[in-house]
Amino acid sequence: MKILVVDDERDIQTLFEQRFRREIRSGEFSFDFAFSGEEALKYLESRKQEAVLILSDINMPGMSGLELLKNIKEKYEKPPPVVMMITAYGDKENYNQAMQLGADDFLTKPVDFTTLKEKLKSRIL
């Protein structure tokens, strides 16, 4: 499964590569990284929606994760990629807005990687 991780914190790439080392090595998951909402949209356009699942931070400079989510759900209809939102702010307002915009799931930081792996693996089946 190809996964696009969108977060303005660049150290997230190292963290995901460490936590998913076994799954990456086995070919179960493949990760690409974008460090802004704008970069994520360029990725999706240039790769013809290659990513089947997107993990996006909500609070980013420039285009927020919620704006990115809205763009993705409006532009990529067949089939829309699964979008899971990640935020350090687990408040009801962000949650409700993300769900109204079509988020498939909502996670809070710090990310529980055991739970995330279970959620991702359940999407493969």
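Look up: the structure comes first, before these words.
Residues numbered from 1 in each chain as written. Predicted model: local features only at pLDDT ≥ 70, side-chain atom pairs only at ≥ 80, totals over all residues. Heavy atoms only, no water.

**Q** I would appreciate a short explanation of the pattern of salt bridges in the present structure.
**A** Two side chains that carry opposite charge are able to pair once their charged atoms sit near each other. Counting across every chain of the model gives 11 salt bridges. A salt bridge links Glu23 to Lys121, with the nearest nitrogen and oxygen atoms 3.6 Å apart. With Glu23 in helix H2 (residues 21-26) and Lys121 in helix H6 (residues 113-124), this pair connects stretches of sequence that are 98 residues apart. In this structure, the salt-bridge partner of Asp57 is Lys109, at a minimum N-O distance of 3.6 Å. You can see Asp57 sitting in strand E3 (residues 53-57) and its partner Lys109 sitting in the loop between strand E5 (105-108) and H6, a full 52 residues away along the chain. A relative accessible area of 22% places Lys109 in the partly exposed class. In the salt-bridge network here, residues are joined through shared partners; they are Asp7, Glu9, Asp57 and Lys109. (Salt bridge = Lys/Arg side-chain N within 4 Å of Asp/Glu carboxyl O. Helix = DSSP H or I, 4+ residues; strand = E, 2+ residues; numbered from the N terminus. Buried < 20%, exposed > 50% of the residue type's maximum accessible area, 1.4 Å probe, protein only.)

**Q** Help me out: how do you make sense of the pairing of E3 in this one?
**A** Consecutive side chains along a regular strand alternate between the two faces of the sheet. Counting buried residues along E3, 5 of its 5 residues qualify, which places the element largely inside the surrounding structure. Relative to E3, strand E1 (residues 2-6) is paired through 4 bridges, and the arrangement is parallel. Bridged to Val6 within E3 is Ser56. The pairing of E3 with strand E4 (residues 82-87) spans 5 bridges and is parallel. From the neighbouring strand, Ile54 faces E4, where its bridge partner is Val83. (Pairing = 2+ DSSP bridges.)

Such coordinate-based values are descriptive only and should not be taken to indicate function.
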